[in-house]
Amino acid sequence: MFYLIGLGLVDPMDITVKGLEIVKRCSRVYLESYTSILGCHKEELETYYGRPLLLADRDLVEEKTDEILTGASEDDVALLIVGDPFGATTHIDLVLRARDKKIPYKVIHNASILTAVGCCGLELYKFGEIVTIPYWDETWKPESFYDKIKFNRLHNMHTLCLLDIKVVEPAGEPRVRGRRQIMRFMTVADAAQQLLSIVDRKNVLEHNTVLSDLSMCVGLARVGSETQRIVAKSLHDMASTDLGGPLHCLIIPSKELHPLETDYLQGTTSKVFYF
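None of these values were measured; they are calculated from a predicted model.

Enquirer: How should the pairing of strand S1 (residues 2-6) be read in this particular structure?
Expert: Within a regular strand, the side chains alternate between the two sheet faces. Burial within S1 is extensive, with five of its five residues counted as buried. Here S1 shows no split at all, with Phe-2, Leu-4 and Gly-6 on one side and Tyr-3 and Ile-5 on the other all buried. For S1 and strand S4 (residues 77-81), the ladder comprises five bridges, and the chain directions are parallel. By the bridge assignment for S4, Phe-2 is matched with Val-77. Bridge count between S1 and strand S5 (residues 105-108): four bridges; the pairing is parallel. Considered in S5, the bridge of Leu-4 is made with Val-107.

Enquirer: Before we go on, may I ask you to explain unusual backbone geometry in this structure?
Expert: Comment: phi is negative for the bulk of residues other than glycine, and the bulk of peptide bonds are trans. Each neighbour pair has its own omega, and for Pro-246 with Leu-247 the value is 0 degrees, a cis peptide bond. Summarising the element assignment, Leu-247 is placed in the loop between helix H9 (235-238) and strand S12 (248-252). One non-glycine residue with positive phi stands out, namely Lys-102, at about 60 degrees. Looking at where Lys-102 falls in the secondary structure, it is placed in the loop between helix H5 (89-100) and S5. Phi is positive for Asn-156, which is not a glycine, with a value near 55 degrees. In this fold, Asn-156 is placed in the loop between helix H7 (144-154) and strand S7 (159-163).

Enquirer: Help me understand the sheet that holds S1 in this model?
Expert: Strand pairing in a sheet relies on backbone hydrogen bonds, with the paired strands running either antiparallel or parallel. In spatial order, the strands read S3-S2-S4-S1-S5; together these five strands make up an open sheet with parallel pairing. Both edges of this open sheet fall to strand S3 (54-56) and S5, since each of them pairs with a single strand only. For this sheet, the mean inter-axis angle between neighbouring strands, taken without regard to orientation, is 25 degrees. As paired strands, strand S2 (residues 28-32) and S4 are joined by four bridges and run parallel to one another. Among the inter-strand pairings, Tyr-30 is bridged to a residue of S4, identified as Leu-79. Sitting on the sheet, H5 is in contact with S1, S2, S4 and S5, with an inclination near 165 degrees to S1.

Enquirer: Looking at this structure, I do not really get the pattern of salt bridges. What am I missing?
Expert: Opposite charge on two side chains lets them pair, provided their charged atoms get close. A full pass over the atoms with the stated rule returns eight salt bridges. Here Glu-143 ties to Arg-201 by a salt bridge, and the two come within 2.3 Å at their closest N and O atoms. Pair noted here: Glu-143 is in the loop between strand S6 (131-133) and H7 and Arg-201 is in helix H8 (residues 188-206), with a separation of 58 residues, a long-range link. With a relative accessible area of 35%, Arg-201 lands in the partly exposed category.

Enquirer: What exactly am I supposed to notice about the UniProt feature "binding site: S-adenosyl-L-methionine" (unreviewed entry) in the chain here?
Expert: Summarizing the sequence annotation, UniProt attributes the feature "binding site: S-adenosyl-L-methionine" (unreviewed entry) to Leu-9, Asp-84, Gly-87, Ser-112, Ile-113, Leu-163, Val-223 and His-248 in the numbering used throughout. You can see Ser-112 is positioned in the loop between S5 and helix H6 (113-116). Of the polar contacts made by the side chain of Ser-112, one reaches the backbone nitrogen of Leu-114; its length is 3.1 Å. Examined against the element boundaries, Val-223 turns out to sit in the loop between strand S10 (216-221) and strand S11 (229-234). Val-223 sits in the buried class, given a relative accessible area of 9%. Non-local contacts of Val-223, meaning those with residues more than four positions away in its chain, are made with Leu-9, Val-10, Ile-113, Ala-116, Cys-119 and Gln-228.

Enquirer: Before we go on, may I ask you to explain the UniProt feature "domain: Tetrapyrrole methylase" (unreviewed entry) in the chain in this structure?
Expert: In this numbering, the UniProt entry assigns the feature "domain: Tetrapyrrole methylase" (unreviewed entry) to residues 1-163. Across residues 1-163 one finds 34% helix and 18% strand; the C-alpha atoms that close the span lie 33 Å apart.

Enquirer: I would appreciate a short explanation of the packing of aromatic side chains in the present structure.
Expert: Aromatic ring pairs are described here by two measures, namely the spacing of the ring centres and the angle between the planes. Under the counting rule described, the total for this entry stands at one aromatic pair. The ring centre of Tyr-135 lies 3.8 Å from the NZ or CZ of Arg-184, which sits over that ring.

Enquirer: Sorry if this is basic, but what is going on with the environment of Asn-156 here?
Expert: Judged by relative accessible area, Asn-156 falls into the partly exposed class, the value being 29%. Those residues in contact with Asn-156 that sit more than four places away from it in its chain are Lys-126, Ser-254, Lys-255 and Glu-256. Among the polar contacts listed, one links the side chain of Asn-156 to the backbone nitrogen of Glu-256, at a separation of 3.1 Å.

Enquirer: Looking at this model, I keep getting lost on the sheet that holds S6. Mind explaining?
Expert: Pairing is mixed in the open sheet, where five strands are placed in the order S6-S7-S12-S10-S11. Pairing within the sheet leaves two strands with one partner each, and these edge strands are S6 and S11. For this sheet the average axis-to-axis angle between neighbouring strands, irrespective of direction, equals 25 degrees. As paired strands, S6 and S7 are joined by three bridges and run parallel to one another. Bridged to Val-131 within S7 is Cys-161. H8 contacts S6, S7, S10 and S12 of the sheet and is inclined by roughly 40 degrees relative to S12.

So, how was this worked out
Residues numbered from 1 in each chain as written. Predicted model: local features only at pLDDT ≥ 70, side-chain atom pairs only at ≥ 80, totals over all residues. Heavy atoms only, no water. Buried < 20%, exposed > 50% of the residue type's maximum accessible area, 1.4 Å probe, protein only. Helix = DSSP H or I, 4+ residues; strand = E, 2+ residues; numbered from the N terminus. Pairing = 2+ DSSP bridges. Axes fitted to C-alpha atoms, helices over the stretch in contact; angles between N-to-C directions. Contact = heavy atoms within 4.5 Å. Salt bridge = Lys/Arg side-chain N within 4 Å of Asp/Glu carboxyl O. UniProt positions renumbered as here; feature names shortened; annotations may be inferred. Polar contact = N/O pair within 3.5 Å; in protein donor to acceptor, adjacent residues only side chain to side chain. Phe/Tyr/Trp six-rings, centres within 6.5 Å; stacked < 30°, edge-to-face > 60°. Lys NZ or Arg CZ within 6 Å of the ring centre and 35° of its normal.

This is the structure in structure tokens:
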């Protein structure tokens, strides 16, 4: 059997009882290490699970899937995934590949940031399409995520913005599997700065009324952990806000909030915002 097992959001104890029992009996267990991270190290997971874990980077999961699936028809093999297994399209592709090879599979679900963001008080059923905000560089500054935020705002829906995780390789060196990689995590301040750049340009070109520097946004960090932080600030102020270590996400609320949403968010700030 091939298992896709969700790990939850924070630490080794977030795995479900069912998931832990499966992990203990598998012949091989891979830890997917690039779509997200837990708030702990691989060694802590190995200690809690009582077994070694094999790191599965982007190359292994997306390009060398056969290596993971080999032997899964005869033995139990598991892939551990931060959050819920179906939180990323990559893992749906893995299931399709297992089907093609006639390999039986099971999915063990767990908590995901896609539902845990309800901790900020915004109603989950009012969220529209989720966006990912990537790091910009000197030659690549995509803005397609802004168009989706705009669509959601115009239709009175919240937008969850997932923030980029970038693997930084040492200068001039190729990516080598198994080597500890340097990860760069986008912060709410990084995301707000990029959004402000787009908003400023839209104001000049289009007399933009969808989003302004005074619009409220919600920053979240390390959701589900003991050090979780939630702040509601203007987009301008969020661009200079430090919420500490990863992972962060940003929410652009709808222009009209339910009174319960407003009351809940007011607990994180004393300022008045323009939606």
